[in-house]
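A look at the structure
Here is what each chain is made of, one letter per residue.
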Amino acid sequence: MKPITNKLLLITVIVTAVLFLTAAFHENLGMKPQHASILIFVMLLNFGANVAGLIVGISEKRKGKKNAVVGIIGNSLLILFFLGLSGYAISIIQ
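One structure accompanies this document, and this report is about it. Computed from a predicted model, the values in this text were never measured in an experiment. (Residues numbered from 1 in each chain as written. Predicted model: local features only at pLDDT ≥ 70, side-chain atom pairs only at ≥ 80, totals over all residues. Heavy atoms only, no water.)

1. Points about the overall build of the chain
Our working rule: Think of it this way: any DSSP run of H or I at least four residues long counts as a helix, any run of E at least two long counts as a strand, and we number them from the N terminus. Buried residues are those whose accessible area, probed at 1.4 Å on protein chains only, stays under 20% of the maximum for their type, while exposed residues exceed 50% and partly exposed ones sit between those limits. A contact between two residues is defined here by any heavy atoms of the two lying within 4.5 Å. Under the convention used here, a 1.4 Å probe and the Shrake-Rupley method define accessible areas, while residue burial counts only the protein chains that appear.
For the chain, the count of helices and strands is three helices and zero strands. The principal-axis extent of the C-alpha atoms belonging to the chain is close to 45 × 30 × 15 Å. Across the 94 residues that make up the chain, the buried fraction comes to 23%. For the chain, restricting intrachain contacts to residue pairs at least 6 apart in sequence, the fraction spanning at least 24 positions comes to 72%. With the model as given, the accessible surface of the chain reaches about 6700 Å², and the carbon-plus-sulfur share is 74%.

What follows is the structure in structure tokens.
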């Protein structure tokens, strides 16, 4: 059975991919600028799932479950990606 952290990692990778496709083709999908807040909300939920995956991964690693390291590293990379993307967006806005 896969560790929960790996399942959370898979879910967040899929949600991140869908978010980026939606953001890239938002005009073709008929989305208006007012809908950007929905994308931001889903991205924040995704960030929360990454943090939860990291915490669960650390606890699973302490329990000795196999493959928990994959979830820890993957969720950590996605957290760093989110923080970098947020920093980049803030620097562009100013």
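2. So, the packing of aromatic side chains
Worth spelling out the cut-off: Put simply, two rings from Phe, Tyr or Trp (the six-membered ring, in Trp's case) pair if the centres are within 6.5 Å, and we call them stacked under 30 degrees between planes, edge-to-face over 60, tilted for the rest.
Summed over the entire model, instances satisfying the criterion amount to two aromatic pairs. Consider the rings of F20 and F81, whose centres lie 5.7 Å apart with planes at 55 degrees: the pair is tilted. Here the residue F20 occupies a position in helix α1 (residues 4-24), and F81 occupies one in helix α3 (residues 68-93), the gap between them amounting to 61 residues. Looking at F81, the relative accessible area reads 41%, which means it is partly exposed.

3. Re the packing of α1 against α3
Convention followed: Axes here mean lines fitted to C-alpha atoms, for a helix over just the part in contact, with angles spanning 0 to 180 degrees between N-to-C directions. Orientation categories follow fixed angle ranges, with anything under 35 degrees roughly parallel, anything over 145 roughly antiparallel, 65 to 115 roughly perpendicular, and all other angles oblique. Note on convention: near helix rotated counterclockwise from far helix by under a right angle means a left-handed crossing. Clockwise means right-handed. All residues other than Ala, Val, Leu, Ile, Met, Phe, Trp, Tyr, Cys, Pro, Asp, Glu, Lys and Arg, Gly among them, are scored as polar; the first ten of these are nonpolar and the last four charged.
Where α1 meets α3, the axes come as close as 8 Å, and the angle between the chain directions of the two elements is 30 degrees. The orientation of α1 relative to α3 falls into the category roughly parallel. Judged by the twist between their axes, the crossing of α1 over α3 is left-handed. Taken together, the residues of α3 that come into contact with α1 (itself represented by T5, N6, L9, T12, V13 and F20) are A68, V70, G71, I72, G74, N75, L78, F81 and L85. Tallied by class, residues from the contact of α1 with α3 come to nine nonpolar, six polar and no charged.

4. Considering unusual backbone geometry
Its identity is not glycine, yet N67 carries a phi of approximately 65 degrees, on the positive side. Mapped onto the elements, N67 comes out in the loop between α2 (36-63) and α3.

5. Topic: the environment of G57
Within the fold, G57 resides in helix α2. Among the residues examined, G57 registers a relative accessible area of 0% and is labelled buried. Taking the C-alpha atoms as reference, G57 lies 10 Å from K7; in sequence the two are 50 residues apart.

6. What about the side chain of T16?
The condition that has to hold: Here a polar contact is taken to be a pair of N or O atoms separated by no more than 3.5 Å, where protein atoms must pair a possible hydrogen donor with a possible acceptor and residues adjacent in sequence count only if both atoms sit in side chains.
Topologically, T16 is positioned in helix α1. You can call T16 buried: its relative accessible area is 14%. Polar contacts involving the side chain of T16 include one to the side chain of N46, which spans 2.7 Å.

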